[in-house]
Amino acid sequence: MSVLPELRYPTVTEQLIAARALIAQRPGVSTLREVGASRAGRPLHLLSVGRAHRAVLVVAGAHANEPTGSCTLLALARRVLEQRELRDGISWHFLLCADPDGASLHVTPAPRSLYDYHLGFFRPAGPEQPEWAPSVLPPDRLPPETRALTGVIDELRPYLQVTLHGTDLGGSWVQLTKDVPGLAEPFAKSAAELHIPVETGASDAAGWPASGPGVHVMPAPGIGPAYPSLPDDARHSTWFHAHRYGGMTAVVEVPMWASDLVDDPAPHPAPAAAIGRLAGRLQRDALEVTRVLDGALPRLAELDGPLLRAARWGLELVPGLASDLLHTPPADRTRAYVGSVDAFARRVPLRAAAMLLRVLRGTDDAAAKQLEELVSTWSDAFAERFRARWVPLEHQVEHQSRTVVAAALHARERAW
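Residues numbered from 1 in each chain as written. Predicted model: local features only at pLDDT ≥ 70, side-chain atom pairs only at ≥ 80, totals over all residues. Heavy atoms only, no water.

Participant: I would appreciate a short explanation of the overall build of the chain in the present structure.
Facilitator: A count of helices and strands for the chain gives 12 helices and 10 strands. Relative to the 2.2 N^0.38 estimate, which gives 22 Å for 416 residues, the radius of gyration of the chain is 21 Å and therefore close to what a compact globule would have. Considering only C-alpha atoms, the chain reaches an extent of 60 × 50 × 40 Å along its principal axes. Across the 416 residues in the chain, those meeting the buried criterion constitute 58%. Pairs at least 24 apart in sequence give 80% of the contacts found in the chain among residues at least 6 apart. When the accessible area of the chain is evaluated, it comes to approximately 16,700 Å², of which 53% is carbon and sulfur surface. Across the chain, 42 positive and 46 negative side-chain charges occur, with their mean positions spaced 3 Å apart. (Helix = DSSP H or I, 4+ residues; strand = E, 2+ residues; numbered from the N terminus. Rg over C-alpha atoms; globule rule 2.2 N^0.38 Å. Buried < 20%, exposed > 50% of the residue type's maximum accessible area, 1.4 Å probe, protein only. Contact = heavy atoms within 4.5 Å. Areas by Shrake-Rupley, 256 points an atom, 1.4 Å probe, with all protein chains shown as cover. Lys, Arg positive; Asp, Glu negative; His and termini not counted. Charge placed at Lys NZ, Arg CZ, Asp CG, Glu CD.)

Right, here's the structure in full:
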């Protein structure tokens, strides 16, 4: 059977079936085992290829709403099995899905539009995200998914951990916990060949030094974050766990829909004023969702599930984030950065509205109708403003795969 009969976003079960098919093809080279379980008891699986001491760990599914990584992981595993030179002195290990509970709640068949994408949207609250939990929770309260991931890192001691992330609309970029000299060139070449814009001013990496366009290196611990109010700090996430063994982490982001507005390095004529307007819109949009939530609260007393928790957590971030945008000098003065902040400020209330809509359907039809109108209007406005164009899934996967391989090979040279 084919490992991926058709290129689409697989479910966790389909991903596991594909991994087992790979094992059946090369049983002497690869293994599959359970390395933990989720809060709901779903198993976490690790696919390993090769037996070399030098290890690369690839993690998919840390964010349920970023499904491309599940395809990329399988494509990478197949590539490593087929290309023996990639196993020269390196063993590869693939954590199939870091958050299977989250994956069960985000519904991504083959979205035709941003509206379709948001109708099935789920992204957990920060404390429930496997990679981010250590930045907001004490060690004794970490979820089992986080403990499983750090346990794998402790066992493998990888010289490189790669975590596969993505964005709904924008461009591609890489975040590194240490610089990888030489990575910027193959990353940029791949993006250009596949017509994927490079997000040169990613708000996720605001203020970070860049070793090349779209390749951002996390700043030293003494440098404050661009958005002080946000509770999570990448330097306390699982991304830094590999550092205790001399390793590092690369976070490879790829868009589902592309926009050239995030790939414009030209100076913005008035970045502070533009960001101030975005902060005002963020506050207004969040207030609309909050009003619906407040009106529905009497009917939500028995519905405190992950969707509602995530929606409320996102809304609670807004006052501090808006204040950061209003009172902190822009970390970057380019049009690309302002575009990235624009996208970020649209996502927070839109995602909260989408998740709350899923909670209220069948419980409060009037409130659900209000939210459905907001999700539809905001999704369409987002796509129109950024001139969104779908990136073929095979291009998303190929670009992410190429970047992972380039990072592994260049980081190996540095490690040795």
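After that view of the structure, there is still more to cover.
Participant: Looking at this model, I keep getting lost on the pattern of salt bridges. Mind explaining?
Facilitator: Two side chains carrying opposite charge are able to pair once their charged atoms lie near each other. Enumeration according to the criterion identifies 17 salt bridges in this entry. The closest approach of N and O atoms between Arg385 and Asp342, which form a salt bridge, is 3.8 Å. Here the residue Arg385 occupies a position in helix H11 (residues 365–385), and Asp342 occupies one in helix H10 (residues 335–360), the gap between them amounting to 43 residues. Arg385 gets classed as partly exposed once you look at its relative accessible area, which sits at 41%. For Glu398, the salt bridge goes to Arg402, with nearest N and O atoms at 2.9 Å. Here Glu398 pairs with Arg402, and both are found in helix H12 (residues 393–415), just 4 residues apart, close to one helical turn. (Salt bridge = Lys/Arg side-chain N within 4 Å of Asp/Glu carboxyl O.)

Participant: Is there a simple way to think about unusual backbone geometry in this case?
Facilitator: Generally, phi is negative for residues other than glycine and the peptide bonds are trans, each holding for most cases. Phi at Arg157 takes a positive value of approximately 50°, unusual for a residue other than glycine. Inspection of the secondary structure puts Arg157 in the loop between helix H6 (144–156) and strand S5 (160–170).

Participant: For this particular structure, what's the right way to read helix H9 (residues 306–327)?
Facilitator: Working note: α-helix, 3.6 residues per turn, so residues spaced by three or four point in the same direction. An ideal rise of 1.5 Å per residue puts 32 Å on 22 residues; H9 measures up with 32 Å between its terminal C-alpha atoms. In the structure, H9 departs most strongly from a straight axis at Val318, where the bend amounts to approximately 35° and where the proline Pro319 lies between one and four residues downstream. Within the span of H9, buried status applies to Leu307, Leu308, Ala310, Ala311, Gly314, Leu315, Leu317, Val318, Leu321, Ala322, Asp324 and Leu325. Buried residues belonging to H9 abut helix H8 (271–296) and H10. (Expected span 1.5 Å × (residues − 1). Bend = angle between axes of the 7 residues up to and from the residue.)

Participant: Quick question: what am I supposed to make of the pairing of strand S6 (residues 173–176) here?
Facilitator: Residues in a regular strand project their side chains so that they alternate between the two faces of the sheet. Of the two faces of S6, the one lined by Trp173 and Gln175 and the one lined by Val174 and Leu176 are each fully buried. By the bridge criterion, 4 bridges tie S6 to strand S9 (residues 248–258) in an arrangement that is antiparallel. Its bridge partner being in S9, Val174 is matched across the sheet by Val252. Two strands pair when backbone bridges link them, and S6 and strand S8 (residues 215–217) are joined in this way by 3 bridges, in the parallel orientation. What sits directly across from Gln175, in S8, is His216. (Pairing = 2+ DSSP bridges.)

Participant: It is not clear to me how the packing of aromatic side chains should be interpreted in this structure. Could you clarify?
Facilitator: Each pair of aromatic rings is reported with the distance of its centres and the angle of its planes. Taken as a whole, this structure holds 7 aromatic pairs when the rule is applied. Measuring from ring centre to ring centre gives 5.8 Å for Tyr117 and Phe121, while their planes differ by 70°; the resulting arrangement is edge-to-face. Note on accessibility: Tyr117 and Phe121 belong to one class, buried. Through pairs of rings, three or more aromatic residues link up here, namely Tyr117, Phe121, Trp257 and Trp390. The ring of Phe386 has Arg385 sitting right over it, with the charged end atom 5.7 Å from the ring centre. (Phe/Tyr/Trp six-rings, centres within 6.5 Å; stacked < 30°, edge-to-face > 60°. Lys NZ or Arg CZ within 6 Å of the ring centre and 35° of its normal.)

Participant: Whenever I open this one, the environment of Ala336 confuses me. Can you help?
Facilitator: Considering the arrangement of structural elements, one finds Ala336 in helix H10. Judged by its relative accessible area of 0%, Ala336 falls in the buried class. Once the C-alpha coordinates of Ala336 and His268 are considered, the two residues, 68 residues apart in sequence, prove to be 8.4 Å apart.

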